[in-house]
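Spelled out, the chains give:
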Amino acid sequence: MMALSLTLKCILFASVFLVGVAADEQKSQVNLPLEEFQKLFTSAQVEEAKRLILDKYKIDEDEHKQKLKALEAKSKLLDNRLQQQKHLFFPENFQVLQHTASGMFNSSAEDAGVDGDVASFDIELTFRVMESSKWTKVPLVNTTSTVSSNWEVSQQAIDSNAFHTVDTVTGKDEDGVLLFLRNDQQVLATNQSGLFKVKYNAYTRVSKSRNLNAMGLSNLLYPLSGLSFQIATDASQSVKEFSVQPPSSVLRVKSGENYTNIIATLPLTADSFQIKWVDFREDFGQAKAQKEDSDSNVDTKSKQEGPEPNQDRLQQEFPQVTANHEVMHTIGEGTIRSLHSLEFKSSSEMPNLSSVQFLVHGDGVRVTSVVGHALQSWTVEEAQGTTSSSLVKAIFKTSQLDSTVALKVHTEKDRSDLSDILVELPRIECKNVLRQTGHVAIIKDANVEVHEHKTFGLSRCEPSDLSSKLRLNVDRPIVLSYKYLNPQNSAVLSVKEHAAMETLEATIDRIHYKALVTETHTFHSIIMLVQSTKLQYLEMLGLPTTASKFTVMVNSVPAKPVQGDGRKNSILVPLLIGLDQEAANEGGNLRTSVEVSYFSTHDNLGKNGTLSLNPPWFELPISVVTAHLRLPMSDENPFNYTFSGDFGSKPLRHLDYPIPDAFSYTTAKRVVPDDYEFSIVDDMWPEDEENDRSASKVGAVKIVTPLTGRSFFFQRLLVVDKELALNVTFKEKEQPVELSWWQRLIRKT
């Protein structure tokens with residue numbers, strides 16, 4: 001009864017709950033007409049579309065902002081890189097565009113003295129200031145070496161091509177340009193960018209030594225892009241024979257009535273210049289003609305009355321000349337090469353050294369070259385009265401105005417009779433000079449031994465007493481050295497030649513030989529490191545008779561071997577491939593890597609037999625030879641190996657010396673446009689890409705050997721002219737016989 005009543009109560013409770021739920025559903029349902037429902041549905045769709053559009057707009061706006069930020073970051077990065085490059089080229093934030101000088105000189109009277117003349121120059125300097133974010137200091141002139149005045153600074157406006165003058169005296173803030181003295185330099189400082197032009201007057205003294213005039217500016221801060229100079233003269237004066245320093249400058253001279261214009265183009269590396277010229281007057285020409293007449297027609301009356309008015313002046317205008325002779329003799333096998341340094345110096349600055357003459361004494365001595373500044377021509381002719389001397393005449397250009405001229409003369413003398421051990425050195429005697437001084441130095445070349453036999457007019461001295469012209473221009477020790485006592489000197493040497501012995505041209509540091517043996521073929525590979533002094537070919541001997549399919553790499557560059565001369569089973573490997581050209585031309589010790597691989601054939605291995613795996617041999621000494629053999633070894637055909645030969649019978653577990661690596665002296669190259677601007681990025685160019693690109697162009701073929709078989713290692717130290725033997729004897733292992741149960745039982749009992 002109790003169970004029945006409980007069941008009835010549960011049913012009653014469930015029915016009441018279902019009735020309540022149905023009532024709630026009826027309350028939540030609303031009945032609408034179809035038109036109103038469609039309006040509500042359409043408005044809901046519109047609101048949903050608006051929401052989607054707004055979401056997409058926000059997404060697009062965020063993406064746009066991110067792109068703007070990326071563009072701004074990229075632009076900022078490019079600007080920073082541009083600033084870095086600009087700072088790299090112009091670290092001082094300015095660039096000099098033009099620096100010109102226009103000068104004028106008016107010759108004064110002769111009684112004004114040496115320092116009585118002043119030349120003035122109008123200097124104009126144009127430069128650009130890069131950035132205006134900071135103050136930029138532009139040094140203009142060194143005040144310690146240049147006297148200047150009348151400074152004027154002008155700046156180009158941004159919106160026009162005209163320059164307007166800037167007031168640097170009051171120093172207005174709106175101008176932002178200051179002119180002041182700092183560390184013995186006139187400096188312009190500005191916090192503005194753009195073009196600036198500075199004009200000022202510079203003054204320099206014109207030094208006079210009789211008729212020779214000299215003028216110039218020194219310690220210029222910037223090279224001159226243009227130089228013009230005007231010399232004013234009177235009716236009885238003319239200006240000729242101009243000379244300019246530096247010597248590489250180009251002069252254009254234009255003469256007019258009472259003036260001479262000079263336009264000079266100077267090298268862009270010159271920080272100073274000097275111009276020399278000679279004044280010619282009519283009274284000087286008349287005096288010179290009178291002197292020539294008086295030299296040819298001298299009478300007693302003129303001697304009693306004394307010299308003519310201009311005779312003392314002419315004696316000063318034609319001074320005496322001294323000569324200094326420094327010679328370096330190189331005694332070689334069969335020849336004597338001599339380098340003579342001649343210096344002629346006048347006692348005044350009057351340019352009378354238009355030509356010089358000197359005698360070259362010695363049998364069989366030939367003059368090979370004569371060089372010197374402002375040298376126009378030189379000739380060699382046989383001296384009168386002797387057959388063992390030559391007369392050399394050197395003529396200088398009219399632009400040569402220095403009081404000192406220098407020549408370098410090269411001579412050679414053959415020693416045809418090598419059995420004659422006494423050799424007289426060639427010498428030079430200068431003509432028309434007041435005195436001649438000098439030094440003699442002797443060095444030896446090749447396999448000769450030099451000793452003094454007899455000297456005259458020379459005195460022994462230490463090599464440290466020689467001039468720098470001799471001591472600093474040789475790469476070998478000086479054997480003998482002398483100084484002049486008399487220009488009419490002589491030196492006879494005792495020269496003994498020794499027979500040269502052959503020396504080792506090359507040696508092999510390391511050789512690693514590897515052989516991979518299969519059923520019918522053997523693959524051989526060799527890598528070696530060679531030291532040579534321009535050995536052209538390396539001969540490999542003892543190759544198998546069936547060797548074929550060669551591959552050769554020299555310094556990682558493919559090469560083609562050639563057949564050996566007169567020897568069987570040999571090849572010649574070229575060594576002068578892929579070298580460092582600079583080191584090779586200097587004649588130093590060259591390290592070269594050589595890689596050679598080839599195939600050989602043999603009979604089928606079978607069950608037992610002997611293989612000869614001898615590495616190639618060389619006639620050069622070898623420091624270390626290592627060998628690596630990979631012999632067949634598998635479960636199907638196992639072998640027992642025994643070894644014999646020069647490497648021993650017991651293989652090594654590992655090699656004591658590492659396998660050598662190949663060299664590569666090849667450098668990468670890139671082609672860029674003419675207007676390409678190099679930056680720091682070029683220093684970080686990926687080397688791997690260049691190496692891959694160069695390797696793809698070479699087209700080298702290199703065989704990759706598979707890792708198969710069992711490895712055996714051998715090594716041999718210090719091999720000299722010996723063919724190494726390495727023999728392998730193999731025998732198939734005996735397979736164990738499977739015993740039955742009763743045979744095993746009998747064997748146990």
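Note that this is a predicted model, so its numbers are computed, not measured. (Residues numbered from 1 in each chain as written. Predicted model: local features only at pLDDT ≥ 70, side-chain atom pairs only at ≥ 80, totals over all residues. Heavy atoms only, no water.)

1. Some details on the overall build of the chain
For clarity, the cut-off: Per the convention used, a helix needs a DSSP run of H or I reaching at least four residues, while a strand needs a run of E reaching at least two, with both numbered from the N terminus. Working definition: with a 1.4 Å probe on protein chains only, accessible area under 20% of the residue-type maximum means buried, over 50% means exposed, and in between means partly exposed. Residue contacts follow a heavy-atom distance rule, with two residues in contact if any of their heavy atoms lie within 4.5 Å. In this description, accessible areas are obtained by the Shrake-Rupley approach with a 1.4 Å probe, and a residue is regarded as covered only by the protein chains that are shown.
What the chain contains, in helices and strands, is nine helices and 42 strands. A buried classification covers 34% of the 749 residues belonging to the chain. The long-range fraction of contacts in the chain, counting pairs at least 24 apart against all pairs at least 6 apart in sequence, stands at 77%. For the chain, the exposed area adds up to about 46400 Å²; of that, 52% sits on carbon and sulfur atoms.

2. Digging into the sheet that holds strand E38 (residues 608-612)
Rules: Two strands qualify as a pair provided DSSP detects at least 2 bridges between them. In this analysis, axes come from line fits to C-alpha atoms, helices being fitted only over the stretch in contact, and the angle between any two N-to-C directions falls in the range 0 to 180 degrees.
With antiparallel pairing, three strands are arranged side by side in an open sheet as E38-E42-E40. In the strand order of this sheet, the two ends are held by E38 and strand E40 (639-645), each with one partner. Direction aside, the axes of adjacent strands within the sheet are offset by 20 degrees on average. One ladder, built from seven bridges, connects E40 with strand E42 (residues 726-732); its direction is antiparallel. By the bridge assignment, Phe643 is partnered in E42 with Val728.

3. A short note on the nonpolar core
Going by this rule: Residues belong to a common nonpolar core when they are buried Ala, Val, Leu, Ile, Met, Phe, Trp, Tyr or Cys residues joined through side-chain atoms within 4.5 Å.
Counting residues in each nonpolar core, the largest one holds 43 residues, and the members touching the most others are Met528, Leu629 and Leu631. In terms of residue count, the dominant contributor to this core is strand E30 (residues 506-517) (six residues). Membership of the second largest hydrophobic core comes to 39 residues, among which are Phe127, Met215, Ala264 and Trp277.

4. Description of the pairing of strand E31 (residues 521-532)
Across the twelve residues of E31, nine count as buried, placing the element largely inside the fold. Bridge count between E30 and E31: eleven bridges; the pairing is antiparallel. Residue pairing across strands places Val517 opposite Thr522, the latter belonging to E31. Linking E30 back to E31 in an antiparallel pair, the connection comprises three residues. Bridge analysis of E31 against strand E37 (residues 590-601) gives twelve bridges, and the strand direction is antiparallel. Residue Ile527 lies in a different strand from E37, and its bridge partner there is Glu595.

5. Structural notes on unusual backbone geometry
Of note, the bond from Gln245 into Pro246 is cis; its omega dihedral lies within 30 degrees of zero at 5 degrees. Residues other than glycine seldom take positive phi values, yet Asn183 does so here, at roughly 55 degrees. Positive phi outside glycine occurs at Asp721, with the angle close to 50 degrees. Looking at Asp721, the relative accessible area reads 51%, which means it is exposed.

6. As for the packing of aromatic side chains
We apply this condition: Here the aromatic set is Phe, Tyr and Trp, taking the six-membered ring for Trp, and pairing holds for ring centres within 6.5 Å; pairs whose planes are under 30 degrees apart are stacked, those over 60 apart are edge-to-face, and all others are tilted. Here, a charge over a ring means that NZ of Lys or CZ of Arg falls within 6 Å of the ring centre while also lying within 35 degrees of the ring normal.
All chains considered together, the criterion is met by 17 aromatic pairs. Ring centres of Phe663 and Tyr665 lie 6.3 Å apart, and the angle between their planes is 65 degrees; this geometry places the pair in the edge-to-face category. Of the residues examined, Phe663 reaches a relative accessible area of 22% and is grouped as partly exposed. In this structure an aromatic cluster arises from ring pairing among Phe639, Tyr641, Phe643, Phe647, Phe712, Phe714 and Phe730. Note that Lys197 overlies the ring of Phe163, its terminal NZ or CZ placed 4.5 Å from the centroid.

7. Some thoughts on the sheet that holds strand E18 (residues 355-361)
Pairing within the open sheet is antiparallel, and its four strands lie in the order E20-E21-E18-E24. Both edges of this open sheet fall to strand E20 (375-382) and strand E24 (427-430), since each of them pairs with a single strand only. When the angles between neighbouring strand axes are averaged without regard to direction, this sheet yields 25 degrees. Relative to strand E21 (residues 389-396), E18 is paired through seven bridges, and the arrangement is antiparallel. Bridged to His361 within E21 is Ser389.

8. Description of the pattern of salt bridges
Here is the rule we go by: Definition used for salt bridges: Asp or Glu carboxyl oxygen within 4 Å of a side-chain nitrogen of Lys or Arg.
In total, this model carries 13 salt bridges according to the counting rule given. A salt bridge links Arg51 to Glu48; the nearest nitrogen and oxygen atoms lie 2.1 Å apart. One end of the pair, Arg51, and the other, Glu48, are both in helix H2 (residues 34-89), three residues apart, so they sit about a helical turn from each other. Take Arg51: its relative accessible area is 39%, and that puts it in the partly exposed class. Since its relative accessible area comes to 36%, Glu48 is described here as partly exposed. Note that Asp475 is salt-bridged to Arg476, the shortest N-O span being 3.4 Å. The class of Asp475 is exposed, set by a relative accessible area of 67%.

9. Quick look at the environment of Ser388
Tracing the chain through its elements places Ser388 in the loop between E20 and E21. Judged by its relative accessible area of 26%, Ser388 is partly exposed.

10. A few points about the confidence of the model for the chain
Put simply, the test is: How sure the predictor is of each residue is captured by pLDDT, a score from 0 to 100.
The share of residues in the chain with pLDDT of 70 or more is 81%, and the mean pLDDT across the chain is 80. Segment residues 284-318 is flagged for pLDDT under 50; beyond a separation of four residues in sequence, or across chains, it makes 22 contacts in the model. Contacts of residues 693-698 to residues separated by more than four positions or lying in other chains number one contact, the stretch itself having pLDDT below 50.

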